[in-house]
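# Descriptive structure summary
Listed below, chain by chain, are the residues.
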2 protein chains.
Amino acid sequence: MELYTYYRSTSSFRVRIALALKGLDYQALAVNLIAAQGGEHRQPAYLQLNPQGRVPALRTDQGELLIQSPAIIEYLEEAYPQVPLLSGNLAQRAHERAVAALIGCDIHPLHNVSVLNKLRQWGHDEPQVVEWISHWISQGLAAVEQLIGDAGYCFGSAPGVADVYLIPQLYAAERFNISLDAYPRIRRVAALAAQHPAFIKAHPANQPDTP
Amino acid sequence: MELYTYYRSTSSFRVRIALALKGLDYQALAVNLIAAQGGEHRQPAYLQLNPQGRVPALRTDQGELLIQSPAIIEYLEEAYPQVPLLSGNLAQRAHERAVAALIGCDIHPLHNVSVLNKLRQWGHDEPQVVEWISHWISQGLAAVEQLIGDAGYCFGSAPGVADVYLIPQLYAAERFNISLDAYPRIRRVAALAAQHPAFIKAHPANQPDTP
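Please read these numbers as outputs of a predicted model, since none were measured by experiment. (Residues numbered from 1 in each chain as written. Chains lettered and ligands numbered in written order. Predicted model: local features only at pLDDT ≥ 70, side-chain atom pairs only at ≥ 80, totals over all residues. Heavy atoms only, no water.)

### Examining unusual backbone geometry
The test is simple: Only DSSP runs of H or I with at least four residues qualify as helices, and only runs of E with at least two residues qualify as strands; both kinds are numbered from the N terminus onward.
With an omega dihedral of 0°, the bond running from V55 of chain A to P56 of chain A counts as a cis peptide bond. Along the chain, P56 of chain A turns up in the loop between helix 2 (44–49) and strand 3 (57–59). The phi dihedral of Q68 of chain B is positive, around 70°, even though this residue is not glycine. Note on placement: Q68 of chain B falls in the loop between strand 4 (65–67) and helix 3 (69–79).

Right under this line is the structure:
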């Protein structure tokens, strides 16, 4: 498989964790999202692959190009069911996916760089932009804290799809200096993931395109 | 099943469509989101059910309370596989889920009422708020237009998960007077859905709590 990825992209990080947890090999194809360095995601070559111009995108072993991290992660779960990321119980799967969706829909999109740039275009200064980011991350993590379990990863002793979404979101929280003091369960999950080889391998600090 | 729903909520509308396409009966429990009318989603009774204070939430026949429309829709697909909303082909499922994720992550969250209220708190007037909404909806629908098929619903002759997300998004676009002129494929899907009993049954105009 080939993964179009950017080291610091939250949604690329998710897919890298899923691949690593499942022990799947892939070739990383770095897409530099920095506008001042050419913004490869906005170039015709990449837009032809992904008309939305975002990362990640996954080229499967059958040659299909898949986009959107939630769709890619469900694909990996269905195509490579060894090392499952979801419980076998239907309601429990829904609880796990709910945390993933809360992070993927109600937190991350609100501090995507395109949104922050729109706020800057509208004249908001950096303290206001940080206030905006902090508001959505804190509100979302407070809900996550109430939804996840009391021990282990988000839902039990093995990492799953909720952790695949949570850990990249915490990386973003850290970049913006958002305190996790109010979220002891989340801090517990973060501490476990920090020691787990798959999360370490997938981390933005350890990518081929990390500066 | 019981569905906590609000007639005009985009994500409640999605779940209602999925239920109707699968021919599943449920009891609708209306949650009035209007702050000036008490904001039932912010009251302790509802927050005890769903700490995030959002709709929809689904009470399953086994008594489990599920939240987050993407998780609820995947649950319905797994628990009631008759009338499938996803293809049987793994890559095609990913293409279908990608359109759902694009709408559910990259369009809808950006014009959620909580985001618009934050912009208003920051002093943006209604023309600016409408510009904000229009920007994200138009950008997202332009990508959807390139990802869906040339005939029938988004992906073929029967409605599926992409349509479950698209039609409520178009209802929102209509509320904000956003033109669909540039999206002939999307307009084709909208015309088909407008005649389909499940989409009609699920429509905000036809709910018990419609004013």
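Let us keep going from here.
### A few points about the packing of helix 4 (residues 90–107) of chain B against helix 6 (residues 126–147) of chain B
Residue and element names in this part refer to chain B. Formally: For every element, the axis is a line fit to its C-alpha atoms; helices are fit only across the contacting stretch, and the angle between N-to-C directions ranges from 0 to 180 degrees. Geometric relationships in this document are graded by angle, where less than 35 degrees denotes roughly parallel, more than 145 denotes roughly antiparallel, 65 to 115 denotes roughly perpendicular, and other angles denote oblique. In what follows, residue pairs with any heavy atoms lying within 4.5 Å of each other are defined as contacts. All residues other than Ala, Val, Leu, Ile, Met, Phe, Trp, Tyr, Cys, Pro, Asp, Glu, Lys and Arg, Gly among them, are scored as polar; the first ten of these are nonpolar and the last four charged.
Running from N to C, helix 4 and helix 6 cross one another at 170°; their axes reach a closest spacing of 10 Å. As far as their axial angle goes, helix 6 and helix 4 are roughly antiparallel. Each of V99, L102, I103 and I107 in helix 4 lies in contact with helix 6, whose residues at this interface are W136, I137, G140, L141, A143, V144 and L147. Partitioning the contact of helix 4 with helix 6 into residue classes produces 10 nonpolar, one polar and no charged.

### Overview of the UniProt feature "domain: GST C-terminal" (unreviewed entry) in chain A
Basically, it comes down to this: UniProt positions are given in the numbering used here, feature names are shortened, and annotations may be inferred rather than shown by experiment.
According to UniProt, the positions carrying the feature "domain: GST C-terminal" (unreviewed entry) are residues 89–211 of chain A. What you have in residues 89–211 of chain A is 65% helix and 0% strand, and the ends, taken at the C-alpha atoms, are 42 Å apart.

### Overview of the interface of chain B and chain A
Under the convention used in this document: Summed over both partners, buried area is the accessible surface (1.4 Å probe) that two parts give up on being assembled. Between Lys or Arg on one side and Asp or Glu on the other, a salt bridge is scored when a side-chain nitrogen of the former is within 4 Å of a carboxyl oxygen of the latter. By the criterion applied in these results, polar contacts are pairs of N or O atoms within 3.5 Å in which, for protein atoms, one can donate a hydrogen and the other can accept it, and in which residues neighboring in sequence qualify only through two side-chain atoms.
Opposite the 43 residues of chain B that make contact, chain A presents 43 residues. Of the roughly 4100 Å² buried at the junction of chain B and chain A (both faces included), carbon and sulfur atoms supply 69%. If you sort the residues of chain B by the area they bury against chain A, E78, K118 and W122 of chain B come out on top, with a joint share of 15%. The tally of links between chain B and chain A comes to 10 salt bridges. Here R54 of chain B and D106 of chain A are joined by a salt bridge, their closest N and O atoms 3.0 Å apart. Put simply, chain B and chain A have 13 residue pairs in polar contact (both at pLDDT 80 or more) between them. Looking at the side of chain B that touches chain A, the elements that each hand over two or more residues are strand 4, helix 3, helix 4, helix 5 (113–121) and helix 6 of chain B. Element by element, the count of residues in the side of chain B that touches chain A is highest for helix 4 of chain B, at 12 residues. A breakdown of the residues in the side of chain B that touches chain A according to their chemical character gives 24 nonpolar, 10 polar and nine charged.

### A word on the relation of the copies chain B and chain A
The following threshold applies: C-alpha atoms of residues with pLDDT of at least 70 in both copies form the basis for the least-squares superposition of the copies.
Aligned on chain A, chain B shows an RMSD of 0.0 Å; the corresponding rotation is 180° and the shift along the axis is 0.0 Å. Taken together, the rotation and translation describe the operation of a two-fold axis. The position closest to the rotation axis in chain B is occupied by the C-alpha of C105 of chain B, lying 2.3 Å away. When you check the interface residues of chain B against chain A, 100% turn up at the interface there too, and the contact is symmetric in its surfaces.

### Brief notes about the sheet that holds strand 2 (residues 27–30) of chain B
Residues and elements named next belong to chain B. Stated precisely, the cut-off is as follows: Two strands qualify as a pair provided DSSP detects at least 2 bridges between them.
Sheet architecture is open: four strands sit in the order 2-1-3-4, paired in mixed fashion. This sheet does not close on itself; its edge strands, each paired only once, are strand 2 and strand 4. The mean angle between the axes of side-by-side strands here comes to 20°, regardless of whether they run parallel or antiparallel. Looking at chain direction, strand 1 (residues 2–5) and strand 3 (residues 57–59) are connected through three bridges and run antiparallel.

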